[in-house]
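# Observations on chain architecture
The chain contents come next:
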Amino acid sequence: MAALIHRPDYARYDFGPEHPFTPARLSMLLDLMRELGHDLQPLAAPAATREEILSIHDEAYVEVIEALDRGEARPDAERFGLGTPDNPIFPGMDLAARWLVGGALHGARLLMEGTEQRVLQLGGGLHHAQRSHAAGFCLYNDLAVAIQAMVDHGWHVAYLDIDLHHGDGVQNLFYDSDRVLTVSLHESGHYLYPGTGHIQELGSGSARGFSLNVPMEPFSEAEDYLEAFDAVVPQALAWFSPQVLVVQAGADAHFADPLGDLALTTQTFQALYQRILTLAQRHAQGRLLVTLGGGYEAQVVARVWAILMLTMLELPLPEELPAPWMARWQHLLGPDLSPHLHDPVPAYPPLPGREVRSRHNRDTVSRLLDTMSRYWF
Ligand SMILES: [Zn+2]
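In this convention, every chain numbers its residues from 1, walking through the sequence in written order. It should be noted that, the model being predicted, local features are given only for residues of pLDDT at least 70 and side-chain atom pairs only at 80 or more, the latter also being counted only at that level, while totals for whole chains, interfaces and linings use all residues. Side-chain descriptors were evaluated using all non-hydrogen atoms of the structure, hydrogens and water having been removed beforehand.

## Some details on the overall build of the protein chain
- When helices and strands are tallied, the protein chain shows 12 helices and 7 strands.
- The C-alpha atoms of the protein chain give a radius of gyration of 19 Å, which matches the 21 Å a tight globule of 377 residues would have.
- Here the C-alpha coordinates of the protein chain stretch approximately 55 × 55 × 40 Å along the principal axes.
- The burial tally for the protein chain puts 62% of its 377 residues in the buried class.
- The Shrake-Rupley method, run with a 1.4 Å probe sphere, supplies the accessible areas, and residue values consider only the shown protein chains as cover. In the form shown here, the protein chain has an accessible surface area of approximately 14,600 Å², with 53% of it arising from carbon and sulfur atoms.
- One way to put it: in the protein chain the 25 positive side-chain charges average out to a point 4 Å from where the 47 negative ones average out. By definition, any uninterrupted DSSP run of H or I lasting at least four residues is a helix, any uninterrupted run of E lasting at least two residues is a strand, and each is numbered from the N terminus. Here the radius of gyration uses the C-alpha set of atoms, whereas the globule reference equals 2.2 Å times the residue count to the power 0.38. Each residue gets one of three labels from its accessible area relative to the maximum for its type: buried under 20%, exposed over 50%, partly exposed in between, using a 1.4 Å probe on protein chains only. Charged residues are defined narrowly, with Lys and Arg counted positive, Asp and Glu counted negative, and His plus the chain ends left uncounted. Lys charges are placed at NZ, Arg charges at CZ, Asp charges at CG and Glu charges at CD.

## Regarding the coordination of the zinc ion
- Water is not among the atoms examined, so metal sites may look incomplete; donors are the N, O and S atoms within 2.8 Å of the metal, or within 3.2 Å for Na, K and Ca. At the metal site, the zinc ion is ligated by Asp163 (OD), His165 (ND1) and Asp252 (OD), and these contacts range over 1.9 to 2.1 Å.
- In the primary structure, the donors to the zinc ion are separated according to the pattern D-x1-H-x86-D. One end of the pair, His165, is in the loop between β3 (157-161) and α6 (168-173); the other, Asp252, is in the loop between β6 (244-248) and α8 (266-283), with 87 residues separating them in the sequence.
- We classify His165 as buried; its relative accessible area is 7%.

## So, the pattern of salt bridges
- Salt bridge, as used here, is a side-chain nitrogen of Lys or Arg placed within 4 Å of a carboxyl oxygen of Asp or Glu. Scanning the entire structure with this criterion turns up 19 salt bridges.
- The partner of Arg34 in a salt bridge is Asp31, and the shortest N-O contact between them spans 3.8 Å. Here the residue Arg34 and the residue Asp31 both occupy positions in helix α1 (residues 24-35), the gap between them amounting to 3 residues, near one helical turn.
- A residue is classified by how much of its surface remains accessible, and Arg34, at 54% relative accessible area, is exposed.
- The closest approach of N and O atoms between Asp230 and Arg275, which form a salt bridge, is 2.8 Å.

## Section: the sheet that holds strand β4 (residues 180-187)
- Pairing between two strands requires that DSSP report at least two bridges joining them. The strand order across the open sheet built from 7 strands is β1-β2-β7-β6-β3-β4-β5, with neighbouring strands paired in parallel fashion. In this open sheet, the two edge strands, each paired with only one partner strand, are β1 (3-5) and β5 (211-216). Sheet twist, expressed as the average angle between the axes of neighbouring strands with direction ignored, equals 15°.
- In terms of strand pairing, β3 meets β6 through 5 bridges, oriented parallel. Bridge pairing in β6 places Val157 opposite Val244.
- Relative to the sheet, helix α9 (residues 298-312) contacts β1, β2 (118-121) and β7 (288-291), its axis offset from that of β2 by approximately 160°. Where helices are involved, their axes are fitted lines through C-alpha atoms of the stretch in contact, as for all axes, and angles between N-to-C directions lie from 0 to 180°. Working rule for contacts: check all heavy atoms of both residues, and any pair within 4.5 Å makes them a contact.

## Regarding the nonpolar core
- The set of buried Ala, Val, Leu, Ile, Met, Phe, Trp, Tyr and Cys residues whose side-chain atoms join them within 4.5 Å is what this entry labels a nonpolar core. With 138 residues, the main nonpolar core has Leu82, Leu139, Leu160, Leu245 and Trp325 as its most contacted residues.
- Dropping the residues within four chain positions of it, Leu245 is found in contact with Ala158, Leu160, Leu237, Ile276, Ala280, Ala284, Arg287, Leu288 and Leu289.

## Thoughts on the environment of Leu369
- On the secondary structure map, Leu369 appears in helix α12 (residues 354-372).
- Counting along the chain gives 277 residues from Leu369 to Gly92, while the straight-line C-alpha distance between them is 45 Å.

## Notes on the packing of helix α7 (residues 222-240) against α8
- Running from N to C, α7 and α8 cross one another at 10°; their axes reach a closest spacing of 11 Å. When the interaxial angle is binned, α7 and α8 end up roughly parallel. Two secondary-structure elements touch here, α7 through Ala222, Tyr225, Leu226, Phe229, Asp230, Val233, Pro234, Leu237 and Ala238 and α8 through Thr268, Ala271, Leu272, Arg275, Ile276, Leu279 and His283.
- Of the residues belonging to the contact of α7 with α8, the class tally is 12 nonpolar, 2 polar and 2 charged. Roughly parallel here means an angle under 35 degrees, roughly antiparallel means over 145, roughly perpendicular means 65 to 115, and every remaining angle is called oblique. As a working rule, the residues Ala, Val, Leu, Ile, Met, Phe, Trp, Tyr, Cys and Pro are called nonpolar, Asp, Glu, Lys and Arg charged, and the rest polar, with Gly in that last group.

## A few points about the packing of aromatic side chains
- Pairs were defined over the aromatic rings of Phe, Tyr and Trp, the Trp ring being its six-membered one, requiring ring centres within 6.5 Å. Orientation was assigned from the angle between planes: stacked under 30 degrees, edge-to-face over 60, tilted for the rest. Evaluated as defined, the whole model comprises 15 aromatic pairs.
- Here the aromatic residues Tyr13, Phe15, Phe21, Phe90, Phe137 and Tyr296 are joined through ring pairs into a cluster of three or more.

## A few points about the environment of Thr268
- When you line up the elements, Thr268 lands in helix α8.
- Sequence-wise, Thr268 and His283 are 15 residues apart; in three dimensions their C-alpha atoms are separated by 22 Å.
- Ignoring anything within four residues of it in the chain, the contact list for Thr268 reads Ala222 and Leu226.

## Some words on helix α3 (residues 59-69)
- Counting buried positions along α3 yields 8 of 11 residues, so the element is predominantly enclosed.
- In this structure, the buried residues of α3 make contact with α2 (50-53) and α4 (93-113).
- Following α3 by one or two positions, Gly71 has its phi on the positive side, about 90°.

## Section: helix α5 (residues 142-152)
- Here α5 lies mainly inside the structure; 9 of its 11 residues are buried.
- Here α5 has its buried residues at Asp142, Leu143, Ala144, Val145, Ala146, Ile147, Gln148, Met150 and Val151.
- Taken from the residues just after α5, Gly154 is the one with a positive phi, measuring 100°.

## Observations regarding the pairing of β7
- Alternating residues of β7 divide into Leu288 and Val290 and Leu289 and Thr291, and every residue in both groups is buried.
- Inspection of the sheet shows β2 paired to β7 by 4 bridges, in the parallel sense. Bridge pairing in β7 places Gln121 opposite Thr291.
- Alignment of β6 against β7, held across 4 bridges, turns out to be parallel. Looking at the pairing, Gln248 lines up with Thr291 of β7.
- Orient the strands so they point away from the viewer, and a crossover whose first-strand-to-second-strand path over the helix runs clockwise is right-handed. Regarding the hand of the β-α-β motif, the stretch spanning β6, α8 and β7 is right-handed.

Rendered as structure tokens:
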């Protein structure tokens with residue numbers, strides 16, 4: 001079983017109707033769970049305080065967000081990554097972001113108190129936010145604030161990022177810490193935002209070997225992805241032996257996502273979630289904190305994250321999507337959604353270049369493992 005964290009205030013984190021990071025994704029998901037007959041009763045966490053935000057972010061940056069939150073004009077906003085097409089300014093943005101951070105932090109506290117072993121924060125996953133810079137739809141780094149609290153508690157924290165995009169914010173914020181292991185699998189930065197996450201990024205100083213990156217070729221499919229995951233992640237966790245595993249579970253590596261070109265299916269995500277539960281049990285004393293993240297195709301995110309929730313709650317997966325739910329969200333789902341929870345098999349026509357791509361992916365993993373053999377002992 002797992003504890004769920006969510007409150008309606010999460011919907012205030014909203015960059016406007018044209019922006020892909022819309023809270024409707026979460027409303028659809030919660031409505032789907034209700035329609036499937038699950039009375040979830042998630043825990044409502046308090047917003048993170050200013051002091052808690054300052055455990056990660058610079059005060060000058062927080063001050064700018066607070067001023068913009070109040071509707072004040074800040075000509076220097078763009079210097080902090082704010083007021084850009086990715087991170088538009090909206091009233092209430094400071095508090096909206098602090099609700100999300102508060103949820104992740106509350107999850108960390110439940111684990112530290114020993115009240116819970118597994119926590120799913122239904123929101124957040126703002127892995128691009130930097131110490132004094134907003135980036136990629138992310139204002140405050142909820143993951144980093146939660147991780148820092150657990151480091152302060154004396155724990156070694158492993159962070160796993162399965163979002164389509166490189167988890168650059170979390171990596172950078174702990175780049176010189178040997179108390180935090182970050183592992184990110186993503187579409188290669190040679191082709192996709194944020195352009196980082198190469199195998200040479202290994203951490204600095206005494207933390208060299210504590211940042212791991214598995215950049216995948218565009219159009220990489222389930223087989224390549226799971227092979228890379230299995231080659232790297234269990235070994236890394238066994239070596240690091242953390243007290244907790246934190247996971248950013250973005251759904252944008254799905255083949256239908258409009259923002260990138262990885263080609264995972266709902267079945268791949270289910271296989272990943274099962275692996276994550278096993279790995280937390282085996283290598284992280286059973287402790288697991290999962291957040292959501294990217295995921296921009298309405299047809300996909302509700303199904304993928306429903307699979308995440310049901311897997312974490314150890315509930316059976318239904319085969320069919322409920323008709324009333326499909327009707328209610330048709331304006332976002334589109335008219336041609338199949339009524340199944342899982343993608344069809346095969347989910348898409350064969351993608352050209354599979355062999356070359358697989359060779360390239362295997363070569364990346366073997367170069368990474370070669371390098372890591374110097375650090376793993
Ligand atoms: Zn993403």
